[in-house]
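# Summary of structural features
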Amino acid sequence: MGDFWGFGIIWVVLSVIADWIASIVGRHFYVFTASVQAQEGQAAASFLLMTVVPIFVFVVMMLFYALFRFRRRKGDTGSSTSQVKFNKAYVGLWVTLSLVVNLFLFVHPTASAMQVYWQEGQAYNKSSNELIVDVTAQQWGWSFSYPQYGIQESVDSNGNDVLYLPVDRPVKFVLNSYGDGDGLSEQIDVIHSFWIPAFGMKTDVIPGETRYEYITPTVISDTQQNGMMRVQCAEVCGPGHPYMESNLHVVSQSNFASWVQQQLKLQSGS
Amino acid sequence: MSVTPGNSPLQATGELPVVPRRRMSPPMKGVIWAAIGFLLLNSIVSGIDPDVLHSYVNQVSVVFGWMGAMVGWLFGVGGWDALVKPAFGFPLKWKETVGWRRYFEYSTDHKVIGIQYMVSSGLGFLIAGIAAMMMRLQLMSDHMWLFQYSKGYLTTVGVHGTIMMFSVGTVFMVGGLGNYLIPMMVGSNSSAFSRLSGISVWMVPAGIMTVAFSPLLGDWTTGWRGYQPLASQDGDGIIFYYLGVFILLLSSLIVALNLVATIVFKRAPGLTWNRLPMYAWGMLAVSFLNIIWIPEIMMTFILALLAKIVPLPLFTAVGSPMVYLQMFWLFGHPEVYIVVVPALALWMEILPVLSKKTLFARQWGVIGLVFVMLLSGMVWAHHLFPTQGNSTILPISFFTEMISIPTGFAFMVAIGTIWKSKFTLNTPSLLVLMSMFNFLIGGLTGVFLADPMVNMQLHDTFFVVGHFHYTIIGGMVFSSFAAMYYYLPKFSGRTFNDKWGQFGAYWIFIAFNATFFQFFIVGLRGMNRWVPVYPHYLMWQNFEISICAFLLGFGFLYNIGYIIWAWVKGPAAEENPWKAKTLEWYAPSPAVGTNFETEPQVVNGFYDYSDGAGEAVVFQS
Ligand code: HEM
Ligand SMILES: [Cu+2]
Ligand SMILES: [Cu+2]
């Protein structure tokens, strides 16, 4: 019994300490979050981390017990004194707990977080404030258009495709593979994945299908300031895949309005 | 050392094998026949191809040429003399030689075949390891420097992943250790399909070479999945990807059939299912997975190959670009359990022996292996969370989270066995503990990936790369090293110095964790996969990860070198140094020739170490 209680007490103490550390470190799991959705993912990840840490401590402690406590002493050649073949309580508890923990995790955060995300999408669609950005993926680049403002392809001063978003406004990305709907140009392209690391969400772009992604940016920043603020293709799509990225700027609502004007001027000027 | 007849169906004449008249070494003959086969079929197809603009070696002809080469190789290396001719009634002239030469020719001895599988697999490990080192070299900087074009780097990623998965992960512990150990473990002198097995092993080096030389035909950028529709745009090297993996899988399929038949039909009297060793259970579970899923992926590869060379629009937007990936992962997820189930089984095999304590809750260990096998076909689409439509996300996530339960049983059994034991700490047991530690991290990071919301961030980043290297290297490769040290006395009759063994174990353990734990962090910081260039802010961490990776590479070399040294020159070992009770330890060490002169009879379970427990095996003479 001694080993049992000793192990139990050390496990509880270490788990509490480790979970306390995890609660602090876990807050930075996503490193940098710049959207409502990234914060939700971050919360789910913290929760998972706090859940798995005691399991980790349990097994690792057991490995250390094997190394030190139960290690065969020099000169001892006999069989182990304990020869338990089965222990109902231990097995029953293990099976029940692993079932309960997993079912629990499925409900929260797995199903709950997805439900929140999907409901956000529905709410954004109903809101008059929603910004629609058409995103087109093509080997190897992104282009962005803003149908609500008549911007056909947003570019920066060097003529590179660029994504501008106003802070705190819900965005619906409409993701399509390049093509004019003739069924032929889509045919030649491959799968890409639309990812902005700081937004904590990625969605694949499938030739011939339309996909949607819903985001509300929360931080004013850009690619220059933070490398995680970038549009990156995440699914390998050929030799140009490493280069398939675009700059991203999240700006204040008023700066966004003036950027729109400037884009429109640029568009009519050329 | 002599080879005695009896375990080989070829010795029916009763003659003792003799060293035959010097003939050309079979692999040499195989290479020559392969060259002839290639030229022959490539020329024919090239000749009748109506397209006048094609080159002599073109997409279609190279496929047929490769088939010719494969048949030539398998015939030349022994299939013709030992299989084909006897099948048509010609007298069998093939004699098995003795000494080291028998490892370089066709054999029907499961132990020779096992070692051939292990060595071929080791060759794959080295080639793919060199590819890994080249990748890490390139990643030391954020711009191109080692490779000129990104497609060269991406080809290297593909070659690395493909050879590692299909010639190491799937092969070493199953074709290698499985072939070597299983007939002995069930008390038999041969495997069920020993002649077929003798030929299937030669597919492995051929498959490895096909993939390794694929860049000669042209770069391919799809990675180890060979995924369509991208593959159709890629260079012709992708053809060799499909063909090479196809033949490697065929080899594994034959291994699976052979192991299942051996376990089912060749068990010694008294070896009931209740007494079947844990490693045999592991092999049985894995082999069922192989038998179910390998044909599925082989068919997919045929479709993909046709889509490439005909070409057919099966997987483009006219067909559906999603189909290939779904088909791939339908196999691909069971594949990762094919890799890891043998490792779990090995823990349960070694731990009771080295802690001299009865295996705890044996039946739950078996249930775990079987349920992992059953569930593994229901979780594939978690590789596609950002790719699939919304409706399937939650069900797939559910099964994914559930599969951690039977996987956990292996931990439950292992821990229950260690508890209050007298744990002998030596190189193999240390490696098992390390494997448990690594696989634990692999499994717990899997909990994050199974959550779709979190997955949307982690997918296709280095977090995933860290996760699967933890399960595969951490779980399977560390267990394989444990097995090598544990069974060294059986293989060679020699043993190792525990100090140098433990030194090697700590070396790879520290270097491995230093390298791959940082994969998680760099992934969370925004490092995506399949890129030779990346944003500058990630450079220093990548630089330093690469240094750790090189240390790991040297650590593997050290261990392989040390095992080879001990195999050849190590101190002589006792017959049964670990005092194990399983049947393989009743066969002679080193195990050459007949396993059991008299038929063993199993009278007890193998893992009972309590005082009253009698011998597990008796021999009646
Ligand atoms: C010396 C140790 C190893 C190192 C340093 C290493 C490193 C890497 C790196 C850097 C990648 C590229 C990740 C990416 O951009 O997607 C990779 C991919 C991969 N590795 Fe390893 N690796 C090692 C050993 C292994 C082993 C032993 C296996 C399996 C038995 C393995 C299986 C894979 C697979 C399947 C991929 C994915 C390839 C793909 O994306 O197509 N690796 N490895
Ligand atoms: Cu792309
Ligand atoms: Cu890409």
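For clarity, every value in this text was computed on a predicted model and none was experimentally measured.

Let us now look at the coordination of the copper ion (ligand 2). All names here are of chain A. Here the copper ion (ligand 2) is held by the protein donor atoms H192 (ND1), C233 (SG), C237 (SG) and M244 (SD), which lie 1.9 to 2.5 Å from it. Here the copper ion (ligand 2) binds 4 donor atoms, and the angle range of 97 to 128° at the metal identifies the geometry as tetrahedral. A gap of 2.6 Å separates the copper ion (ligand 2) and the copper ion (ligand 3), which C233 links by coordinating each metal. Of the two residues, H192 sits in strand β5 (residues 192-196) while C233 sits in strand β9 (residues 230-233), which places them 41 residues apart along the sequence. On the basis of relative accessible area, C233 is assigned to the buried category, the value being 0%.

With that out of the way, let us pick up the UniProt feature "transmembrane region" (unreviewed entry) in chain A. All names here are of chain A. According to UniProt, the feature "transmembrane region" (unreviewed entry) maps to residues 7-25, 45-68 and 89-107 in the numbering used here. Regarding residues 45-68, the helix share stands at 100% and the strand share at 0%, and the terminal C-alpha atoms are separated by 34 Å. Structurally, residues 89-107 is divided into 100% helix and 0% strand, and its ends, taken at the C-alpha atoms, are 27 Å apart.

Angles at a metal have ideal values that depend on geometry: 109.5 degrees with four tetrahedral donors, 90 or 180 degrees with six octahedral donors. Residues and elements named next belong to chain A. For the copper ion (ligand 3), the full set of protein donor atoms is C233 (SG), E235 (O), C237 (SG) and H241 (ND1), at a range of 1.9 to 2.3 Å. Taken together, the 4 donor atoms surrounding the copper ion (ligand 3) define angles of 89 to 122° at the centre, an arrangement classified as tetrahedral. Expressed as a motif, the donor residue spacing for the copper ion (ligand 3) is C-x1-E-x1-C-x3-H.

Attention now moves to the packing of aromatic side chains. Applying the stated criterion across every chain yields a total of 79 aromatic pairs over all chains. When the centroid spacing of 5.6 Å and the interplanar angle of 85° are considered together, the rings of F7(A) and W419(B) count as edge-to-face. Placement of the pair is F7(A) in helix α1 (residues 2-25) and W419(B) in the loop between α14 (404-418) and α15 (427-450), with the two residues belonging to separate chains. Residue class for F7(A) comes out buried when judged on its relative accessible area of 6%. A centroid spacing of 6.3 Å and a plane angle of 40° characterise the contact between F47(A) and F104(A), whose relative ring orientation is tilted. Of this pair, F47(A) sits in helix α2 (residues 36-69) while F104(A) sits in helix α3 (residues 88-126), and the two are 57 residues apart along the sequence. In this structure, R267(B) is placed above the aromatic ring of W273(B), and the distance from its NZ or CZ to the ring centre is 4.1 Å. Between the NZ or CZ atom of K581(B) and the centre of the ring of Y609(B), over which it lies, the distance is 5.1 Å.

Parameters at a glance
- Residue numbers run consecutively from 1 along every chain, following the written order of its sequence.
- Following the order in which they are written, the chains are lettered starting with A and the ligands numbered starting with 1.
- Selection of residues for local features in this predicted model requires a pLDDT of at least 70, selection of side-chain atom pairs for listing and counting requires 80 or more, and totals for whole chains, interfaces and linings are taken over all residues.
- Only heavy atoms go into the side-chain values, all of them from the structure, while hydrogens and water stay out.
- Donor atoms (N, O, S) are those found within 2.8 Å of the metal centre, with the cutoff raised to 3.2 Å for Na, K and Ca; water is not part of the atom list, so apparent gaps in a site can occur.
- In this scheme the shape depends on donor count and angles: four donors with every angle between 85 and 135 degrees give tetrahedral, four or six donors with opposite pairs above 155 degrees and others between 65 and 115 give square planar or octahedral in turn, and any other case is irregular.
- Each helix is a run of DSSP H or I of at least 4 residues and each strand a run of E of at least 2, with the numbering of both proceeding from the N terminus.
- Between buried and exposed lies partly exposed: a residue is buried under 20% and exposed over 50% of the maximum accessible area for its type, with that area taken using a 1.4 Å probe on protein chains only.
- UniProt positions are given in the numbering used here, feature names are shortened, and annotations may be inferred rather than shown by experiment.
- The aromatic pairing rule takes the rings of Phe, Tyr and Trp, using the six-membered ring of Trp, and pairs them if the centres are within 6.5 Å, calling planes under 30 degrees apart stacked, those over 60 edge-to-face and the rest tilted.
- Ring-over charges, as used throughout, are those where CZ of Arg or NZ of Lys falls within 6 Å of the ring centre and within 35 degrees of the ring normal.

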